[in-house]
Amino acid sequence: MTDEPGPAERALYLTAVRNGGRLHPDDLARADRPALAALVARGLLTPTPAGYTVANPRSLGDRLGSELRTRATRLLLQAGRLPTALGPLAHAYDALRRPTAPTTDTTHVEGNADIRQRISDLTSGCKEEVLAAQPGPRPIEGLQMALPQGLSLLQRGCSLRTIYQPATLADRTVLRQVDLRTRYGAHVRVLAEPYERVMVFDRTVAVIPAAEDRSRAAFITDPTTVAFLVAHFERDWARATPADRHFDPPHPTGARIVRLLARGLTQRTVATRLGLSERTVAGHIARLRELYDAETLFQLGWQMRGEHDA
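As the structure is a computational prediction, the values presented were derived from the model and not from experiment.

Asks: Would you mind going over the nonpolar core with me for this structure?
Replies: The nonpolar side chains of a soluble globular protein tend to be buried, and buried together. Counting residues in each nonpolar core, the largest one holds 18 residues, and the members touching the most others are I119, V130, M199, V207 and F219. Taken together, the elements giving at least two residues each to this core come down to helix 5 (112-125), strand 5 (129-134), helix 6 (140-155), strand 8 (198-201) and strand 10 (216-220). The dominant element in this core, judged by the number of residues it contributes, is helix 6, at four residues. Core analysis: the second largest hydrophobic core is formed by 16 residues, A133, Y195, V226 and L229 among them.

Following this line, the structure appears as structure tokens:
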């Protein structure tokens, strides 16, 4: 049982407390039997030869909290695997030929060189903002070639926001390139879950892959479609976390603490297992919550877990 005790159970437990921590079967009405059975099942009442005695509710809270955190972690992992599991079906659906009406709001460009040139032209003409969601590896050669134009964009006062996956920043050469851009004002976040590749310039032109091998790209100017893609980017941006921690990794003890918390252990149990005081554990957790912008311990554990799994 992982739900909270109901009103009837709480009332019966408090009655037992008022009776010195004991209940005698003869003192119970027929209507109390369901609550009695539930309290025994939860471990809040312990059967004895003379009746029932109360148990410490803190142990129940620790156990239920651990069960709930474990169940929530399992559900989040399943949710994270679902897009990958459905990937082959999605590719088959995307390959389905469907009649489309001719439109002038989308231009298809083939060939990596022509695509790069068109993106370079858009970057040079950008006046306000570039949004980029970049899943998967980033070739270091391409980042180095794009660096001067990216820095020029930032020096003109334009905003540059980019989302990467954790595995991308595991490459130290790529990380140095990203770090250099952030020093000039670029904003980078990390999202440890699947998302689609897109670039948006001044919220007027969006670029998305038009072929699985990225040999063809679609340049979209339809305002409704661009707004839809921007909304998806903003949703992913809100779920992503700042990339600063990749430049200065967390203390290994703090990482061990959060991994144990993610497995459902309580703060007190983690402190005992690592031979630390609860105050030291709390200090590590407070620093990591600030670093990862996590409101709860579970959010912190999930964000760091996702990073290691990515």
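Following the structure, the description resumes.
Asks: How do you make sense of the packing of aromatic side chains when you look at a structure like this?
Replies: One pair of aromatic rings is described through two measures. These are the centre distance and the angle between the planes. Applying the stated criterion to the full structure yields one aromatic pair. With 5.9 Å between their ring centres and 20° between their planes, F233 and W237 make a pair best called stacked. With F233 and W237 both in helix 8 (residues 223-239) and four residues apart, this pair spans about one turn of that helix. W237 matches F233 in its accessibility class, with the two residues each being buried. One Lys or Arg, R118, reaches over the ring of F219 and ends 5.3 Å from the middle of that ring. Here R161 stacks its cationic end above the ring of W237, 5.1 Å away from the centre of that ring.

Asks: I keep staring at the pairing of strand 7 (residues 187-190) and nothing clicks. Help me out?
Replies: Looking along a regular strand, one sees side chains alternate from face to face of the sheet. The side-chain alternation of strand 7 yields one buried face, formed by V188 and V190, and one unburied face, formed by H187 and R189. The pairing of strand 6 (residues 159-164) with strand 7 spans four bridges and is classified as parallel. Along strand 7, the bridge assignment pairs I163 with R189. Since strand 6 and strand 7 lie parallel, the crossover through helix 7 (residues 172-183) that links them has a hand, and here it is right-handed. When strand 7 meets strand 11 (residues 241-242), the two strands line up antiparallel, connected through two bridges. Paired with V190 across the strands is T241, a residue of strand 11.

Asks: Before we go on, may I ask you to explain the sheet that holds strand 5 in this structure?
Replies: Note on sheets: strands pair through backbone hydrogen bonds, and any given pair is parallel or antiparallel. Ordered in space as 4-10-9-8-5-6-7-11, the eight strands form an open sheet in which the pairing is mixed. One side of each edge strand has no neighbouring strand; the edge strands of this open sheet are strand 4 (106-110) and strand 11. As paired strands, strand 5 and strand 6 are joined by six bridges and run parallel to one another. Bridged to Q134 within strand 6 is Y164.

Asks: How should the confidence of the model for the protein be read in this particular structure?
Replies: Interpretation of the predicted coordinates at a detailed level should be avoided for regions scoring low in pLDDT. Across the protein, the average pLDDT comes to 82, with 88% of residues at 70 or higher. Within the protein, no element has a lower average pLDDT than helix 13 (residues 297-309), which sits at 59, and none a higher one than strand 8, at 96. In this model, residues 306-310 is a region of pLDDT below 50 whose contacts with residues beyond four sequence positions or in other chains number nine contacts.

Asks: Any chance you could explain a negative patch on the surface here in plain terms?
Replies: A surface patch of negative charge is lined by D94, E196, E212 and D213. For D94, the position within the fold is in helix 4 (residues 87-94). For D94, a relative accessible area of 55% corresponds to the exposed category.

Asks: When you look at the sheet that holds strand 3 (residues 51-54) in this model, what are you seeing that I'm missing?
Replies: Ordered by their spatial adjacency, three strands build an open sheet running 1-3-2, and the pairing between neighbours is antiparallel. Edge strands, defined here as strands with exactly one partner in the open sheet, are strand 1 (22-23) and strand 2 (45-48). Packed onto the sheet, helix 2 (residues 33-42) meets strand 2 and strand 3 and runs at close to 100° relative to strand 2.

Asks: It is not clear to me how helix 5 should be interpreted in this structure. Could you clarify?
Replies: Residues lying three or four places apart along an α-helix face the same way, a consequence of the helix completing one turn every 3.6 residues. If you check helix 5, its first and last C-alpha atoms are 20 Å apart, about what 14 residues at 1.5 Å a residue would give, namely 20 Å. I115, I119 and T123 are the residues of helix 5 that are buried. Each buried residue of helix 5 sits inside an arc of 75° when the element is viewed along its axis, so together they form one side. Taken together, the buried residues of helix 5 touch strand 4, helix 6, strand 8, strand 9 (205-209) and strand 10.

Cut-offs used in this document
- Residues numbered from 1 in each chain as written.
- Predicted model: local features only at pLDDT ≥ 70, side-chain atom pairs only at ≥ 80, totals over all residues.
- Heavy atoms only, no water.
- Core = buried A, V, L, I, M, F, W, Y, C linked by side-chain atoms within 4.5 Å.
- Buried < 20%, exposed > 50% of the residue type's maximum accessible area, 1.4 Å probe, protein only.
- Helix = DSSP H or I, 4+ residues; strand = E, 2+ residues; numbered from the N terminus.
- Phe/Tyr/Trp six-rings, centres within 6.5 Å; stacked < 30°, edge-to-face > 60°.
- Lys NZ or Arg CZ within 6 Å of the ring centre and 35° of its normal.
- Pairing = 2+ DSSP bridges.
- Right-handed = clockwise from strand over helix to strand, strands pointing away.
- pLDDT = per-residue confidence, 0-100.
- Contact = heavy atoms within 4.5 Å.
- Patch = residues over 30% accessible without salt bridge, like charges linked within 9 Å, V, L, I, M, F, W, Y side chains within 5 Å.
- Areas by Shrake-Rupley, 256 points an atom, 1.4 Å probe, with all protein chains shown as cover.
- Salt bridge = Lys/Arg side-chain N within 4 Å of Asp/Glu carboxyl O.
- Lys, Arg positive; Asp, Glu negative; His and termini not counted.
- Charge placed at Lys NZ, Arg CZ, Asp CG, Glu CD.
- Axes fitted to C-alpha atoms, helices over the stretch in contact; angles between N-to-C directions.
- Expected span 1.5 Å × (residues − 1).
- Arc of directions from axis to C-beta.

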